[in-house]
Amino acid sequence: KNNTFYKNHNSLKEKSVFGSLYFDCNNTITFKKIDKNLIVYGNKTENEQLFSQLEKYKNIKFYKQNPTIRLSTFYSNDTYVIYSVFIINSDAKDDGGYIYNYKQKNFSDAMQFGNWVSEAKQRSIINTPVTAEFNNSILTLVTDSEEFEGAKLVVMARKLVENEIINTDDATISKSPRYPKIWYTNRGIDYPFENN
């Protein structure tokens, strides 16, 4: 019913300091319908479980060696390839009243989807060679990050096409990813983007 319960409960609904990996409570995942964007939340833990490994995607070498994610549900077993890794704010005041909507689950047309993907790519710490098209399904992984209070690390991937081969050799560290405004403020740097 909400996106906080499993942050401190395990899959058996028992209290747990580690919590669980869990889908966004507003995602639809049934035999007949699966949202275009599936969002999964998880904590980082002291014993390197759950989403602790996501932090490693800030490193270009780790990304190049691990560009895909496997997702298994009751309805399918799929592989997704990562196209964006970025830091986002959870409080609108930390980015001029704006939060990029990585939680968007469905799209009215290809233009809306394209703009959404384009912003995720602009924010990415890594320039990946992977693109996403309107007919692709998306997987979004989210965990806490330490850049500033309320920071989240977001890893976005799209479903791998059958027989597709991914070459990550051309991936590079982005020289100017778009961070939330607070990231620049905390470092005494002028915000390089137009206010939202």
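Whatever comes next refers back to the structure up there.
Counting starts from 1 at the beginning of each chain's written sequence and moves along it residue by residue. Local features in a predicted model are, by the rule used here, given only for residues with pLDDT of at least 70; side-chain atom pairs are given and counted only at 80 or more, and totals for whole chains, interfaces and linings are based on all residues. Only hydrogens and water are set aside; all other atoms, that is, all heavy atoms of the structure, feed into the side-chain values.

J.: Would you mind showing me how to read the pattern of salt bridges here?
T.: When their charged atoms lie close together, side chains carrying opposite charge are able to pair. When a carboxyl oxygen of Asp or Glu is within 4 Å of a side-chain nitrogen of Lys or Arg, the pair counts as a salt bridge. Scanning all chains against the criterion turns up 11 salt bridges. For Glu-119, the salt bridge is made with Arg-123, and the minimal N-O distance between the two is 3.0 Å. Of this pair, Glu-119 and Arg-123 both sit in helix α2 (residues 110–123), separated by 4 residues, roughly a single helical turn. We call a residue buried when its accessible area falls under 20% of the maximum for its residue type, exposed when it is over 50%, and partly exposed in between, using a 1.4 Å probe and counting protein chains only. Owing to a relative accessible area of 16%, Glu-119 belongs among the buried residues under this scheme. Between Asp-144 and Lys-152 there is a salt bridge, and its shortest N-O distance comes to 2.4 Å. Look at Lys-152 and you get buried, because its relative accessible area is 18%. One connected set of salt bridges, linked through shared partners, spans Lys-7, Asp-144 and Lys-152. We count a stretch as a helix when DSSP gives it H or I for four or more residues in a row; a strand needs E for two or more, and each element gets its number in order from the N terminus.

J.: I'm lost on the environment of Tyr-22 in this one. Help?
T.: Examined against the element boundaries, Tyr-22 turns out to sit in strand β1 (residues 22–23). Relative accessible area serves as the criterion here: at 10%, Tyr-22 is assigned to the buried category. The spacing of Tyr-22 and Tyr-6 is 16 residues in sequence and 6.7 Å in space, taken between C-alpha atoms. Contacts were defined at the residue level, with two residues in contact if any of their heavy atoms lie within 4.5 Å. Ignoring any residue separated from it by four or fewer positions in sequence, one finds Tyr-22 in contact with Asn-3, Tyr-6, Lys-7, Ile-39, Val-40 and Tyr-41. Polar contact is the term for a pair of N or O atoms within 3.5 Å; when the atoms are in protein, one must be able to donate a hydrogen and the other to accept it, and sequence-neighboring residues count only if both atoms are side-chain atoms. Of note is the side chain of Tyr-22, whose polar atom sits 2.9 Å from the backbone oxygen of Asn-3.

J.: Would you mind showing me how to read the sheet that holds strand β6 (residues 138–144) here?
T.: Strand pairing in a sheet is mediated by backbone hydrogen bonds. Such pairs are either parallel or antiparallel. Read from one edge to the other, the open sheet built from 6 strands follows the order β1-β2-β6-β7-β4-β3, with strand pairing classed as mixed. A single partner strand is all that each edge strand has here, and the edge strands are β1 and β3 (68–72). For two strands to pair, DSSP has to find at least two bridges joining them. Bridge count for β1 against strand β2 (residues 37–41) is 2 bridges, and the pairing is antiparallel. Across the sheet, Phe-23 pairs through a bridge with Val-40, a residue of β2. Angles run from 0 to 180 degrees between N-to-C directions of axes, and those axes are lines fitted to C-alpha atoms, restricted for helices to the stretch in contact. Of the strands in this sheet, β2, β4 (77–89), β6 and β7 (151–159) are in contact with α2, which crosses β4 at around 65 degrees.

J.: Would you explain the nonpolar core in this entry?
T.: One broad trend across soluble globular proteins is that nonpolar side chains are buried collectively. Here the nonpolar core consists of buried residues drawn from Ala, Val, Leu, Ile, Met, Phe, Trp, Tyr and Cys, with membership extended through side-chain atoms lying within 4.5 Å. Tyr-83, Trp-116 and Met-156 are the most contacted members of the largest nonpolar core, which totals 48 residues. Every element with two or more residues in this core is listed here: β2, α1 (60–65), β3, β4, α2, β6, β7 and α3 (181–186). A total of 8 residues in this core trace back to one element, the largest contributor, which is β4. Not counting the four nearest positions on each side in its chain, Tyr-83 is found in contact with Trp-116, Val-117, Ala-120, Lys-121, Ser-124, Thr-128, Val-130, Ala-132, Ile-138, Met-156, Ala-157 and Arg-158.

J.: Mind showing me how you'd approach α2 here?
T.: Turn by turn, an α-helix covers 3.6 residues, leaving residues three or four places apart pointing in a common direction. Here α2 is 14 residues long and its end C-alpha atoms lie 20 Å apart, about the 20 Å a rise of 1.5 Å per residue gives. Of the residues making up α2, those classed as buried are Phe-113, Trp-116, Val-117, Glu-119, Ala-120 and Arg-123. End-on view of α2: buried residues confined to an arc of 155 degrees, all on one side of the axis. Facing away from the buried surface of α2 by more than 90 degrees, the exposed residues are Met-111 and Asn-115. Residues of α2 that are buried make contact with β2, β4, β6 and β7. Of the residues that open α2, the one with a side-chain oxygen 3.2 Å from the backbone nitrogen of Met-111 is Asp-109. Multiplying 1.5 Å by the helix residue count minus one yields the expected span of that helix. Relevant arc is that of directions from the helix axis to the C-beta atoms, nothing else.

J.: Would you mind showing me how to read the side chain of Asp-24 here?
T.: As for its placement among the helices and strands, Asp-24 is situated in the loop between β1 and β2. We classify Asp-24 as buried; its relative accessible area is 3%. Separated by 2.8 Å, the side chain of Asp-24 and the backbone nitrogen of Asn-26 make a polar contact. Beyond its immediate stretch of four places on either side in the chain, Asp-24 contacts Asn-3, Ile-39, Tyr-41, Lys-103 and Lys-105.

J.: Looking at this structure, I do not really get the layout of surface pockets. What am I missing?
T.: A water-sized probe, rolled over the atoms, reveals where empty space remains. Whether a set of points on the 1 Å grid over the protein atoms alone is a cavity depends on a 1.4 Å probe fitting there but being unable to get out, while an open set qualifies as a pocket with protein on both sides within 12 Å along at least five of seven lines; lining residues are those with an atom within 4 Å of a point. Grid points are joined across faces, edges and corners, and a volume is the space filled by probe spheres set on the points. Estimates place the volume of the largest pocket at around 250 Å³. Around the largest pocket, the lining is made up of 16 residues, and of these Tyr-41, Tyr-102, Lys-103, Val-142 and Lys-152 lie nearest the centre. With 3 residues, the single largest contributor to the lining of the largest pocket is β6. In this structure, the second largest pocket occupies an estimated 200 Å³ of space. In this structure, the second largest pocket is lined by Tyr-22, Phe-23, Asp-24, Cys-25, Asn-27 and Ile-29. A per-class count over the lining of the second largest pocket returns 4 nonpolar, 1 polar and 1 charged. Residues are grouped as follows: Ala, Val, Leu, Ile, Met, Phe, Trp, Tyr, Cys and Pro are nonpolar; Asp, Glu, Lys and Arg are charged; all remaining types, including Gly, are polar.

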